[in-house]
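Now for the letters of each chain:
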Amino acid sequence: MATSEAALRAPMSGAHSHEGTYGGGIWSWITTVDHKRIGILYGLTALTFFVIGGIEALIIRLQLHGPNAGIVSPEVYNQLFTMHGTTMIFLAVMPLGAAFFNFLVPLQIGARDVAFPRLNAFSYWLFLFGGLFLYSSWFFQAPDGGWFGYANLTSLQYSPGLGIDFWFLGLQLLGLSSLVAALNFAITILNLRAPGMKLMRMPLFTWMTLVTSFLMVLAFPAITVGLTLLMMDRFFGADFYRVAAGGDVVLWQHLFWIFGHPEVYILILPAMGIVSEVIPTFSQKPLFGYPVVVYSGVLIGFIGFGVWAHHMFAVGLGPIANSVFSATTMIIAIPTGVKIFNWLATMWGGKIKVKVPFLFAFGFIIMFIIGGLSGVMHASPPADLQQTDSYFVVAHFHYVLFGGSVFGLFAGIYYWYPKITGKLMSETLGKWHFWLMLIGFNITFFPMHFLGLQGMPRRTYTYEPGLGFHDMNLAATVGSFLLAFSFLFFFWNFFRSLKTGDEAGDNPWNAATLEWSIPSPPPHYNFDTVPTVRSRDPLWAEDGYEKPPADHEPEMPAGSAWPICLAAGLLLLAIAAISSHLWLVGVSVLWIFIAAYGWSFQPVYR
Amino acid sequence: MSQGEAAALDHEYTTTGQPSRKMLMWAFIGSECMFFGTLITTYLVYHGHNVQGPYPKDLLSVPFISVTTFVLLMSSLMMVLALSAVQRGQKKWTRVYLFLTPFLGMIFLGGQVIEFTHFAHSGLSLSRNLFGSTFFVLTGFHGAHVTVGVIWLLTLWVQSLRGKLGPEHSLTVEIAGLYWHFVDVVWVVLFTVIYLMQGVHT
């Protein structure tokens with residue numbers, strides 16, 4: 001299989017070992033351009049922020065456990081729910097999706113890396129720095145304007161101090177990171193597919209990554225502009241959101257939600273892609289209606305740009321605008337429903353193996369149906385006027401984003417953990433995690449539907465006794481601690497299996513897609529020779545793919561320190577902006593230039 | 001992206017047959033369309049909402065900007081000629097056109113500096129009124145894009161002087177050209193929306 005030269009340099013079998021892929025010192029991780037390592041960095045960072053955001057949620061639930069509680073002050077409470085929302089969306093769920101894009105997309109399409117490996121490293125470091133920048137606000141003043149920071153609450157007049165500045169500068173860094181990553185993945189999927197990997201043969205997860213990438217490329221500019229205008233108002237006294245000067249605060253809402261609604265699909269489509277991989281594997285049956293599932297995902301992407309004003313029914317846009325956005329919102333439920341029927345039809349008649357990834361995927365379907373149904377309810381403006389800004393909406397979006405996205409992403413973690421680490425996770429601990437999480441989740445969020453319909457407002461610091469809110473709030477608080485407790489099983493399983501888990505082998509689930517054709521963990525070059533694909537399910541079909549024998553180890557791009565340098569320059573620029581030091585702005589711009597030039601003139605292969 | 005990377009990657013197999021770098025620039029331009037589209041929409045939404053002067057009709061000079069617009073459009077022509085010269089391996093003309101393109105861009109930027117200074121002296125600023133806020137942010141972002149393009153093209157020009165920009169690097173020039181033409185097209189829209197349509201709404 002290997003020539004003597006290749007065998008001398010790095011025996012092919014040796015490169016399959018854990019050390020061959022993930023070994024090396026800290027410096028090799030800092031300068032890495034390997035999509036698998038970057039995926040792992042994304043995943044571990046996102047899980048850390050997920051825990052932090054979860055702790056913030058627990059404090060919120062403690063504060064609301066009974067009437068007139070005083071666990072935290074109202075100011076800190078506002079900071080907690082702002083940071084909880086911002087963290088979960090931008091620092092936990094999105095980057096967990098990015099972790100899977102990174103690790104899996106090149107493997108699924110038969111590529112050795114992404115199209116722009118150094119740009120990929122840059123995305124990760126900028127995400128990390130953006131998250132750290134946002135979190136450093138706790139040492140000064142944390143933002144307290146809610147995750148969608150409505151104007152003119154965010155103006156200097158109503159939000160003096162550094163909190164909002166940390167918020168929009170942090171989001172700008174994170175937005176740039178997401179944009180660069182999305183451009184990279186769009187081009188990787190369009191351009192680096194192995195021969196025979198036609199678009200309509202791509203695994204569903206890769207398809208949904210492609211749709212998500214285009215959503216990010218086209219949706220992020222709107223919030224970039226919205227945040228820039230906010231920056232102009234706060235730093236330079238511009239008039240964009242100043243009513244006295246003729247400014248319109250509703251402009252912010254439009255800009256935010258033109259980004260914000262596609263963002264919802266940016267959060268859910270990767271999870272739908274994961275579920276579309278897991279269900280066929282554990283039913284041992286190809287995905288039912290593959291083209292329809294693909295087109296539904298693409299359709300969701302398109303219609304996702306035409307529904308944003310359903311977040312603004314209560315603003316008073318008028319009956320025509322409300323009717324149009326009500327109709328588009330109801331229409332977008334159709335492709336979503338189509339997907340659910342396709343997943344059910346995939347299971348129908350299959351040889352279902354109830355393993356942990358399957359349980360999470362199944363939990364996703366059920367929870368997402370509940371969240372989807374309450375979503376269709378407030379697609380109707382009259383119903384929405386009753387529900388908006390109440391706990392009903394809090395219940396709805398947690399069913400979609402936690403019951404949906406997070407269940408889906410954890411299905412993905414359990415499903416691909418063996419591929420990423422080479423070890424199997426414990427089924428018993430995984431099932432404890434699943435059932436406790438499912439029960440805790442429902443005890444936490446289901447009562448919120450009733451609380452909302454009874455009139456409990458969203459973002460409320462506390463409530464008076466005698467309003468009938470107490471019992472269900474107490475239940476929600478108890479549920480949230482059960483939910484948090486369930487994750488102890490996950491982390492125990494996660495770390496224990498690294499050491500004591502059984503060897504996974506190449507394809508422990510007998511799955512159909514290309515990433516399962518190579519060793520676990522994959523060697524750093526993924527595929528020693530590029531496969532030719534002949535089927536939608538290459539590992540199941542007779543003669544589904546062909547891979548010529550290897551005669552040498554492929555050359556991979558060398559590591560580079562410029563991506564982290566460039567990201568650090570942008571972090572420095574944000575620090576300069578928030579500390580209002582003009583000289584520091586100059587230093588950071590110079591730094592960015594040096595890093596950009598160093599990057600440009602450094603060869604990829606050395 | 002570096003010369004070495006360019007040479008290494010341009011000959012790699014790609015699914016579409018198009019170089020990935022070029023597709024990246026097109027996708028980036030798609031994102032930029034949304035960016036400028038949002039800024040232009042903001043400008044139009046706020047048009048005529050000023051609660052105090054100076055107003056657009058007091059300040060905007062169509063003849064002056066027509067001249068700098070013409071200069072910027074000519075720089076696009078120079079860009080086309082520069083790419084053609086690189087592809088044909090005409091070293092001397094590559095240097096000439098790769099200098100003229102950013103040079104004309106700098107003249108445009110100079111015009112913007114003169115215009116901004118004049119407006120500032122007439123009392124317009126970011127914080128004066130909505131016209132000031134929207135005008136300076138929209139044209140300022142365009143000017144920043146032109147500045148990045150000028151630096152990029154001057155870098156290529158220096159590379160050509162060092163003899164490191166042969167026909168094998170024509171893709172590098174082509175991609176810079178895509179960016180440059182896009183920035184020029186944005187200006188055509190801004191010129192229409194800000195200067196030519198100033199009387200439509202008020």
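Look a little higher up for the structure.
This one's a predicted model, so the numbers in the text were calculated from it and none came from an experiment. (Residues numbered from 1 in each chain as written. Chains lettered and ligands numbered in written order. Predicted model: local features only at pLDDT ≥ 70, side-chain atom pairs only at ≥ 80, totals over all residues. Heavy atoms only, no water.)

A. Molecular detail of the nonpolar core. Residue and element names in this part refer to chain A. Phe 364 and Phe 410 are the most contacted members of the largest nonpolar core, which totals 246 residues. Top contributing element to this core by residue count: helix H6 (residues 74-109), with 21 residues. When we break this core down by domain, the ones giving at least three residues each are domain 1 (29-559) and domain 2 (566-606). Beyond its immediate chain neighbours, meaning those up to four positions away, Phe 410 contacts Leu 47, Phe 50, Phe 360, His 433, Phe 487 and Phe 490. (Core = buried A, V, L, I, M, F, W, Y, C linked by side-chain atoms within 4.5 Å. Buried < 20%, exposed > 50% of the residue type's maximum accessible area, 1.4 Å probe, protein only. Helix = DSSP H or I, 4+ residues; strand = E, 2+ residues; numbered from the N terminus. Domains from an automatic or database assignment. Contact = heavy atoms within 4.5 Å.)

B. Highlighting unusual backbone geometry. Cis geometry is adopted by the peptide bond preceding A:Asn152, which originates at A:Ala151 and carries an omega value of -5 degrees. Structurally, A:Asn152 is set in the loop between helix H7 (117-136) and helix H8 (163-191). Backbone torsion omega between B:Gly53 and B:Pro54 reads 0 degrees, so that peptide bond is classified as cis. When you line up the elements, B:Pro54 lands in the loop between helix H2 (20-46) and helix H3 (56-59). Within the chain, A:Asp543 stands out as a residue other than glycine whose phi angle is a positive 60 degrees. Mapped onto the fold, A:Asp543 is located in the loop between strand S1 (532-533) and strand S2 (545-546). One non-glycine residue, A:Ser580, lies in the positive phi region at around 55 degrees. Within the secondary structure, A:Ser580 sits in the loop between helix H18 (562-579) and helix H19 (582-600). A residue is classified by how much of its surface remains accessible, and A:Ser580, at 63% relative accessible area, is exposed.

C. Representation of the packing of H7(A) against H18(A) within the structure. Residues and elements named next belong to chain A. Two numbers describe how H7 lies on H18: the axes approach to 8 Å, and their chain directions differ by 30 degrees. In terms of orientation, H7 and H18 fall into the roughly parallel class. Of the two elements, H7 crosses H18, and the hand of that crossing is right-handed. Taking contact as the criterion, the partners of Arg 118, Ala 121, Phe 122, Trp 125, Leu 126, Phe 129 and Phe 133 in H7 are, on H18, Pro 563, Ile 564, Leu 566, Ala 567, Ala 568, Leu 570, Leu 571, Ala 574, Ile 575 and Ile 578. Here the contact of H7 with H18 is composed, by residue class, of 16 nonpolar, no polar and 1 charged. (Axes fitted to C-alpha atoms, helices over the stretch in contact; angles between N-to-C directions. Parallel < 35°, antiparallel > 145°, perpendicular 65-115°, else oblique. Left-handed = near helix turned anticlockwise from the far one by under 90°. Nonpolar A, V, L, I, M, F, W, Y, C, P; charged D, E, K, R; others polar.)

D. Region of interest: the interface of chain A and chain B. Listed per partner, the contact involves 41 residues of chain A and 42 residues of chain B. The contact between chain A and chain B buries some 3400 Å² in all, and 70% of this surface belongs to carbon and sulfur atoms. It is A:Phe116, A:Asn191 and A:Phe240 in chain A that bury the most area against chain B; as a group they hold 17% of the surface buried on that side. For the interface between chain A and chain B, the tally reads 0 salt bridges. Across the chain A-chain B interface, the total number found is 10 residue pairs in polar contact (both at pLDDT 80 or more). Broken down by secondary-structure element, the contributors of at least two residues to the side of chain A that touches chain B are H7, H8, helix H9 (204-236), helix H10 (249-283) and H19 of chain A. Among the elements that line the side of chain A that touches chain B, the one with the most residues is H9(A), at 10 residues. When its residues are assigned to classes, the side of chain A that touches chain B shows 29 nonpolar, 8 polar and 4 charged. (Buried area = accessible area lost by both parts, 1.4 Å probe. Salt bridge = Lys/Arg side-chain N within 4 Å of Asp/Glu carboxyl O. Polar contact = N/O pair within 3.5 Å; in protein donor to acceptor, adjacent residues only side chain to side chain.)

E. Layout of a nonpolar patch on the surface. A contiguous nonpolar patch, built from A:Val589, A:Phe593, A:Tyr597 and A:Phe601 and spanning about 320 Å² of accessible area, is present on the exposed surface. A relative accessible area of 32% means that A:Tyr597 is categorised as partly exposed. (Patch = residues over 30% accessible without salt bridge, like charges linked within 9 Å, V, L, I, M, F, W, Y side chains within 5 Å. Areas by Shrake-Rupley, 256 points an atom, 1.4 Å probe, with all protein chains shown as cover.)

F. Local environment of empty space enclosed by the protein. Residues and elements named next belong to chain A. Counting across every chain of the model gives 4 cavities of 30 Å³ or more. In this structure, the largest cavity spans a volume of roughly 220 Å³. Forming the boundary of the largest cavity are 20 residues, of which Met 94, Pro 95, Ala 98, Ser 178 and Met 216 lie nearest the centre. Every element with two or more residues in the lining of the largest cavity is listed here: H6, H8 and H10. Among the elements that line the lining of the largest cavity, the one with the most residues is H6, at 7 residues. Its residues assigned to classes, the lining of the largest cavity shows 17 nonpolar, 3 polar and no charged. By volume, the second largest cavity is sized at about 50 Å³. What lines the second largest cavity is simply Val 356, Pro 357, Tyr 414, Pro 418, Met 425, Ser 426, Glu 427 and Trp 509. Those elements giving two or more residues to the lining of the second largest cavity turn out to be helix H13 (356-377) and helix H15 (391-421). Considered class by class, the residues forming the lining of the second largest cavity number 6 nonpolar, 1 polar and 1 charged. (1 Å grid on protein atoms, 1.4 Å probe; cavity = no way out; pocket = protein on both sides within 12 Å on 5 of 7 lines; lining within 4 Å. Points joined across faces, edges and corners; volume = space filled by probe spheres on them.)

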